[in-house]
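Summary of structural features
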Amino acid sequence: MHLIHPNVLKIGLPVLAVIIILMHVLKLKIKYKGGIKAANTYFVRNLDTYKTRRKLYTILSIVMEVCIVATAAASLVLVSRPAKKETVSNGTKKRDIFLCMDVSYSLYELNYELVESLEGVVDGLDGDRFGICIYNTSSVLYVPMTDDYDFVKGKLEEIKEYFVLQKKYMDTYYDPNTGYVKYDYDNYDEFQALQEQLDYYDAGTLVKNYQKGSSLIGEGLASCMYSFPRLDEEDRTRIIIMSTDNSQEELSKPLVELDEAAQLCKKNDIKIFGIFPNQENWSWMNTTDYHEDEQALSAAVQSTGGKYYKQSESLSVQDIVRDIEREEALEVEEVTITKVNDQPQKAVVVLMIVVCLMLVTGLVIKL
């Protein structure tokens, strides 16, 4: 333990000692300087009651004086701020991992299954930083890179509800034959409430949707890549877990295509672990070819040195975790932090005790 302001004690204690000495010296020099004298006090001073009261008064006076000195000393200690220095060495985390999800409504089943599994993955990747990006037409940094795993798991639970809402919307209100929403005017309030909940999540991922289209895979991947902190400054093991059906429905030419985004990832030493839906979960909304989309995603993923996965009953998220853990973590500088924590507890306890004792002593003296 040390003092943040040690000069307070170095100066304060000698001053306090000088004041105490002066008070006692002045007390000895005080003499009777006039007034009415009482006669025959000798008889009073010899009374047993007087002697008892005199002793009690002397003891209480000493106690009061000690309490005053202790109060002043404890106050000086508090002003000087007793504290404890603690040096904590935090090695920067081994890997940076982003979950990058295409949240178009054609993928709610795959995304729900993935998020539910990834809640356990976050625990399995102890020691790594984790982040989440979601995209459709535009991208949202849903969870910035962090090692706060409780926060990440909370956000995974939250976004899982989003996919439940998507499923409810598609199953209840969307007509696969016409491709339009079926309005149920008898339950319009319920529909409106569901739409408002979805709008909360959709707001950031559907910017200019009517101009640019949906599921802009390349732009979503590139945005996720540039969400890694200090991308150009630190050498770290960086990984993207990407879920998509690679069914791009663009209305205008995207800024970045999938193969271009994959090349950017490769250039920055970022590996992609891509997850593609099985054919049973291929949405009727998609207008592209299943096998062509699968091959294009597989080629893009593997070009980065990553690994391609296909949704199936045999696909284990633990297998993905093991594959990620096989990626060697780069050595990075250790971060040493010196924490200074105030430690006023002892001085506060002493101060409270002596103040209470002073109050009790004062009351007894008055009796």
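Residues numbered from 1 in each chain as written. Predicted model: local features only at pLDDT ≥ 70, side-chain atom pairs only at ≥ 80, totals over all residues. Heavy atoms only, no water.

**What to know about the overall build of the protein**
Within the protein, the regular secondary structure consists of twelve helices and 13 strands. Counting the 367 residues in the protein, one finds 39% classified as buried. Sequence-distant contacts, at least 24 apart, represent 82% of the contacts inside the protein between residues at least 6 apart. Of the accessible surface of the protein, which amounts to about 22000 Å², a share of 56% is contributed by carbon and sulfur atoms. (Helix = DSSP H or I, 4+ residues; strand = E, 2+ residues; numbered from the N terminus. Buried < 20%, exposed > 50% of the residue type's maximum accessible area, 1.4 Å probe, protein only. Contact = heavy atoms within 4.5 Å. Areas by Shrake-Rupley, 256 points an atom, 1.4 Å probe, with all protein chains shown as cover.)

**Structural notes on the side chain of T137**
As for its placement among the helices and strands, T137 is situated in the loop between β4 (129–135) and β5 (139–146). The exposure class assigned to T137 is buried, which follows from its relative accessible area of 2%. Of the polar contacts made by the side chain of T137, one reaches the backbone oxygen of G213; its length is 2.5 Å. Once residues lying within four places of it in the same chain are set aside, the contact partners of T137 are T205, L206, V207, K208, N209, K212, G213, S214, S215, L216 and E219. (Polar contact = N/O pair within 3.5 Å; in protein donor to acceptor, adjacent residues only side chain to side chain.)

**Description of the side chain of S138**
Relative to the helices and strands, S138 resides in the loop between β4 and β5. Of note is the side chain of S138, whose polar atom sits 3.2 Å from the backbone nitrogen of V207. Excluding residues that lie within four positions of it along the chain, S138 makes contacts with G204, T205, L206 and V207.

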